[in-house]
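As a plain string of letters, each chain reads:
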Amino acid sequence: MTMAKITAYLGKEVGSNTTLHEMDAREILARYHIPMNRYRLTASAEEAVEAAEDIGYPVVLKIVSPDIIHKSDIGGVKVNLASEEEVRAAYEDIMSSALQHTKKENMIGMTVQEMCFGEAEILIGMKRDSVFGPTVVIGAGGVMVELLQDYSLRICPVTREDVAEMLNELKTYKLLSGYRGRPETDIEAIIDVVMQVSRMSAELEDLEALDLNPVLVRAKGKGVVAVDARLTVKQTGL
Ligand code: ADP
Ligand code: MG
């Protein structure tokens, strides 16, 4: 197994216990083939409209700033934008909300992203426990996290069988397994992602925590897609 560092991959120092902004997080996740949606970073409403036309409506607009970790809490996410007018209005809205929480010079921009749809929203996360080392968690995603308190946790590394068992423990499993005429979802694709997260926890020595929330799960054979990623880097010995 090769050990690696996030800071080396990014080619810059990021300080201890730093949560990477979305662009940097995506770069690391792409190296591990974690499927994410298409996006473009933009610096003006004009550019955002251009990107939306390129990606195709509907789109999602999100703030990118190291000062803003929970984007939707401060009005930093607008989903389902279906026209140029909606993109321009969303851009102005997000800008004025964001400026109450960060300075202009700390705003990296806004991403315009492909709007994705799934049968279910889950979260997949990793955290280093001071006693047990890296642990992986799967749970109900999006806004349901706090509401349902539905999650399953294991110590890394995990096997595919472990992950299948974790999924089975979730109340949300019903939503994934074709409950009452709903389509069966792509369980194998979920397992693929969790296996990669487990691998990341072993290989990336400065990876402190990872949070893919939500991961949208599509019907069987159609895959999964993470539309948000948070990645925390810890200081390692020099
Ligand atoms: P944050 O967690 O920082 O508030 P997210 O990027 O997770 O921001 O966006 C908030 C919510 O918006 C998500 O939980 C999801 O329900 C929805 N969402 C975000 N991006 C997309 C997307 N590309 N397609 C569909 N829904 C999205
Ligand atoms: Mg999120």
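Residues numbered from 1 in each chain as written. Chains lettered and ligands numbered in written order. Predicted model: local features only at pLDDT ≥ 70, side-chain atom pairs only at ≥ 80, totals over all residues. Heavy atoms only, no water.

Trainee: Help me understand the overall build of the protein in this model?
Mentor: Helix and strand counts for the protein stand at eight helices and 11 strands. Relative to its length of 238 residues, the protein is compact, with a C-alpha radius of gyration of 18 Å against a globular reference of 18 Å. Along the three orthogonal principal directions, the C-alpha set of the protein runs to about 55 × 50 × 30 Å. Counting every position in the protein, which comprises 238 residues, the buried fraction comes to 50%. Partitioning the contacts of the protein with sequence separation of at least 6, the portion at a separation of at least 24 is 63%. Here the protein has roughly 11700 Å² of accessible surface; of this, 51% comes from carbon and sulfur atoms. Within the protein, one finds 26 positive and 37 negative side-chain charges whose respective centroids are separated by 3 Å. (Helix = DSSP H or I, 4+ residues; strand = E, 2+ residues; numbered from the N terminus. Rg over C-alpha atoms; globule rule 2.2 N^0.38 Å. Buried < 20%, exposed > 50% of the residue type's maximum accessible area, 1.4 Å probe, protein only. Contact = heavy atoms within 4.5 Å. Areas by Shrake-Rupley, 256 points an atom, 1.4 Å probe, with all protein chains shown as cover. Lys, Arg positive; Asp, Glu negative; His and termini not counted. Charge placed at Lys NZ, Arg CZ, Asp CG, Glu CD.)

Trainee: Honestly, the side chain of serine 201 in this entry has me stumped. Any pointers?
Mentor: Here serine 201 is to be found in helix α8 (residues 187-203). Taking relative accessible area as the criterion, serine 201 reaches 4% and is therefore assigned buried. The contacts of serine 201, once residues within four sequence positions are left out, are Met126, Arg128, Pro134, Cys156 and Leu207.

Trainee: For this particular structure, what's the right way to read the coordination of the magnesium ion (ligand 2)?
Mentor: Put simply, a metal with four donors set out as a tetrahedron has ideal angles of 109.5 degrees, and one with six donors set out as an octahedron has ideal angles of 90 or 180 degrees. Around the magnesium ion (ligand 2), the donor atoms from the protein are Asn213 (O) and Asp228 (OD), and they sit 2.2 to 2.3 Å away. With asparagine 213 in strand β9 (residues 207-217) and aspartate 228 in the loop between β10 (224-226) and β11 (229-233), this pair connects stretches of sequence that are 15 residues apart. Note on asparagine 213: relative accessible area 14%, which makes it buried. (Donors = N, O, S within 2.8 Å, 3.2 Å for Na, K, Ca; no water.)

Trainee: Please clarify how the site of ligand 1 should be interpreted in this entry.
Mentor: Ligand 1 sits among 20 residues. The nearest are Lys62, Lys71, Ser72, Cys116 and Asp228. Here serine 72 contributes a side-chain N or O atom positioned 2.4 Å from an oxygen atom of ligand 1. Take aspartate 228: an N or O atom from its side chain is 2.9 Å from an oxygen atom of ligand 1. Contributing elements (two or more residues each) for the shell around ligand 1: β3 (59-64), β4 (77-81), β5 (109-114) and β9. The residue makeup of the shell around ligand 1, split by class, is eight nonpolar, six polar and six charged. (Near = heavy atom within 4 Å. Polar contact = N/O pair within 3.5 Å; in protein donor to acceptor, adjacent residues only side chain to side chain. Nonpolar A, V, L, I, M, F, W, Y, C, P; charged D, E, K, R; others polar.)

Trainee: I tried to follow the side chain of threonine 102 on my own but got confused; where do I start?
Mentor: Within the secondary structure, threonine 102 sits in the loop between α4 (84-98) and β5. Of the polar contacts made by the side chain of threonine 102, one reaches the side chain of aspartate 67; its length is 2.7 Å. The contact partners of threonine 102, leaving out residues within four places of it in the chain, are Ser65, Asp67, Ile68 and Met107.

Trainee: Quick question: what am I supposed to make of the sheet that holds β3 here?
Mentor: Adjacent strands of a sheet form backbone hydrogen bonds with each other and so pair up, either parallel or antiparallel. A sheet is described by the order of its strands in space; here four strands give the open sequence β2-β5-β3-β4, paired in antiparallel fashion. Where the open sheet ends on each side, the last strands, each with one partner, are β2 (39-42) and β4. When strand polarity is set aside, the average angle formed by the axes of neighbouring strands in this sheet is 20 degrees. Note that β3 and β5 share six bridges and pair antiparallel. Bridge assignment links valine 59 to a residue of β5, and that residue is glutamate 114. (Pairing = 2+ DSSP bridges. Axes fitted to C-alpha atoms, helices over the stretch in contact; angles between N-to-C directions.)

Trainee: Just to check I follow, could you spell out the pairing of strand β7 (residues 133-140) for this structure?
Mentor: Within a regular strand, side chains alternate between the sheet's two faces. Most of β7 is tucked away: eight of the eight residues are buried. Relative to β7, strand β6 (residues 120-129) runs antiparallel, the two sharing eight bridges. Following the sheet pairing, lysine 127 is matched in β7 by threonine 135. Linking β6 back to β7 in an antiparallel pair, the connection comprises three residues. In the sheet, β7 pairs with strand β8 (residues 151-155) via five bridges, with the strands oriented antiparallel. From the neighbouring strand, threonine 135 faces β8, where its bridge partner is isoleucine 155.

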